Amino acid sequence: NAGVMQNPRHLVRRRGQEARLRCSPMKGHSHVYWYRQLPEEGLKFMVYLQKENIIDESGMPKERFSAEFPKEGPSILRIQQVVRGDSAAYFCASSGTGYYNEQFFGPGTRLTVL
Amino acid sequence: SQQGEEDPQALSIQEGENATMNCSYKTSINNLQWYRQNSGRGLVHLILIRSNEREKHSGRLRVTLDTSKKSSSLLITASRAADTASYFCATDADSGGGADGLTFGKGTHLIIQP
């Protein structure tokens, strides 16, 4: 039973480039969440999606960041025109449809912007 | 202070001793979850305690929840070197149940001295 999968594990981009981070939820899970972790910090919620729907994007920066969870395929977090401040670890989590929202995390993608 | 704030920030104990970490939060919650993160790695889900529960056990872990004080504690008994990691509490706000983004604290960094 595979857990949450994320790729790539490490991503290096130059300022101004685009970063695409992928997340495949656990089998049977229909809810996906993206979080960002800065060094020595806890995780900060960014966005919560279900298939083809953004449910809560209250933690997403208003510009340059977007997320999708298409009917087929993984969820994508997209960062356009990256800046140095985007360097962080980005984690994806998934949960089932149960009331208590137990979230399971992937290994993360470490983004470095040069 | 932010929701889901852990205390202490760092804790160093001898192998075999018990380790206790605390978490405080501000708003009403649906549940509280504890996670472990090894350096540079993803988060491992340890335990979820529901708002109507007061104590929960899982192996060497014991979690308590006091909703009147808006606090939780994580006790690790008979610590091992492999328990060295950062520990985070995460709260799921009480929005009527179902899925939400979690709010994380900055974590407690636990070091077990051999």
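The structure reproduced in this document is the subject of the present report.

Basis of the calculations
- Residues numbered from 1 in each chain as written.
- Chains lettered and ligands numbered in written order.
- Predicted model: local features only at pLDDT ≥ 70, side-chain atom pairs only at ≥ 80, totals over all residues.
- Heavy atoms only, no water.
- Salt bridge = Lys/Arg side-chain N within 4 Å of Asp/Glu carboxyl O.
- Helix = DSSP H or I, 4+ residues; strand = E, 2+ residues; numbered from the N terminus.
- Buried < 20%, exposed > 50% of the residue type's maximum accessible area, 1.4 Å probe, protein only.
- Pairing = 2+ DSSP bridges.
- Axes fitted to C-alpha atoms, helices over the stretch in contact; angles between N-to-C directions.
- Contact = heavy atoms within 4.5 Å.
- Buried area = accessible area lost by both parts, 1.4 Å probe.
- Polar contact = N/O pair within 3.5 Å; in protein donor to acceptor, adjacent residues only side chain to side chain.
- Nonpolar A, V, L, I, M, F, W, Y, C, P; charged D, E, K, R; others polar.
- Disulfide = S-S within 2.5 Å.

Thoughts on the pattern of salt bridges
Right, so step 1: For the structure shown, the criterion picks out 6 salt bridges over all chains.
Right, so step 2: With a shortest N-O distance of 2.9 Å, Arg78(A) and Glu18(A) are connected by a salt bridge. One end of the pair, Arg78(A), is in strand S8 (residues 75-79); the other, Glu18(A), is in the loop between strand S2 (10-13) and strand S3 (19-24), with 60 residues separating them in the sequence.
Right, so step 3: In this structure, Arg60(B) and Asp83(B) form a salt bridge, with 2.9 Å as the shortest nitrogen-oxygen distance. Pair noted here: Arg60(B) is in the loop between strand S6 (55-58) and strand S7 (61-66) and Asp83(B) is in the loop between strand S8 (71-76) and strand S9 (85-93), with a separation of 23 residues, a long-range link.
Right, so step 4: What makes Arg60(B) partly exposed here is its relative accessible area of 23%.
Right, so step 5: Residue Asp83(B) is classed as buried on the basis of its relative accessible area, which comes to 8%.

Thoughts on the sheet that holds strand S3 (residues 19-24) of chain B
Residue and element names in this part refer to chain B.
Right, so step 1: Here we have 5 strands laid out as an open sheet, ordered S1-S3-S8-S7-S6, and antiparallel in their pairing. Two strands close off the open sheet at either side, each with one partner strand: strand S1 (5-7) and S6. Between one strand and the next, the sheet's axes are offset by a mean angle of 20 degrees, whatever the strand orientation.
Right, so step 2: Relative to S7, S6 is paired through 4 bridges, and the arrangement is antiparallel. Within the sheet, the bridge partner assigned to His57 lies in S7 and is Arg62.

What to know about the interface of chain A and chain B
Right, so step 1: Tallying the contact residues gives 22 residues for chain A and 26 residues for chain B.
Right, so step 2: In total, about 1,900 Å² of surface goes out of reach between chain A and chain B, with carbon and sulfur atoms giving 52% of it.
Right, so step 3: For the pair chain A and chain B, the number of links is 0 salt bridges.
Right, so step 4: Scanning the region where chain A abuts chain B turns up 7 residue pairs in polar contact (both at pLDDT 80 or more).
Right, so step 5: Only strand S4 (31-37), strand S5 (43-50) and strand S10 (104-105) of chain A provide two or more residues apiece to the side of chain A that touches chain B.
Right, so step 6: Residues that form the side of chain A that touches chain B fall into these classes: 11 nonpolar, 7 polar and 4 charged.

Quick word on the side chain of Gln37(A)
Right, so step 1: Checked against the element boundaries, Gln37(A) lands in strand S4.
Right, so step 2: A polar side-chain atom of Gln37(A) sits 3.0 Å from a polar atom in the side chain of Gln37(B).
Right, so step 3: Setting aside chain neighbours within four positions, we find Gln37(A) in contact with Gly42(A), Leu43(A), Ala88(A), Ala89(A), Phe91(A), Gln37(B) and Phe88(B).

Remarks on the state of the cysteines
Right, so step 1: This model, assessed by the stated rule, comprises 2 disulfides over all chains.
Right, so step 2: Put simply, Cys23(A) and Cys92(A) are joined by a disulfide, and their sulfur atoms are 1.7 Å apart. Here the S-S torsion is close to -50 degrees, and the disulfide linking Cys23(A) with Cys92(A) is therefore left-handed. Of the two residues, Cys23(A) is situated in strand S3 and Cys92(A) in strand S9 (residues 88-95); the sequence distance between them amounts to 69 residues.
Right, so step 3: What pairs with Cys23(B) in a disulfide is Cys89(B), and their sulfur atoms sit 2.0 Å apart. Its S-S torsion of approximately 65 degrees makes the covalent link between Cys23(B) and Cys89(B) right-handed. Placement of the pair is Cys23(B) in strand S3 and Cys89(B) in strand S9, with a sequence separation of 66 residues.

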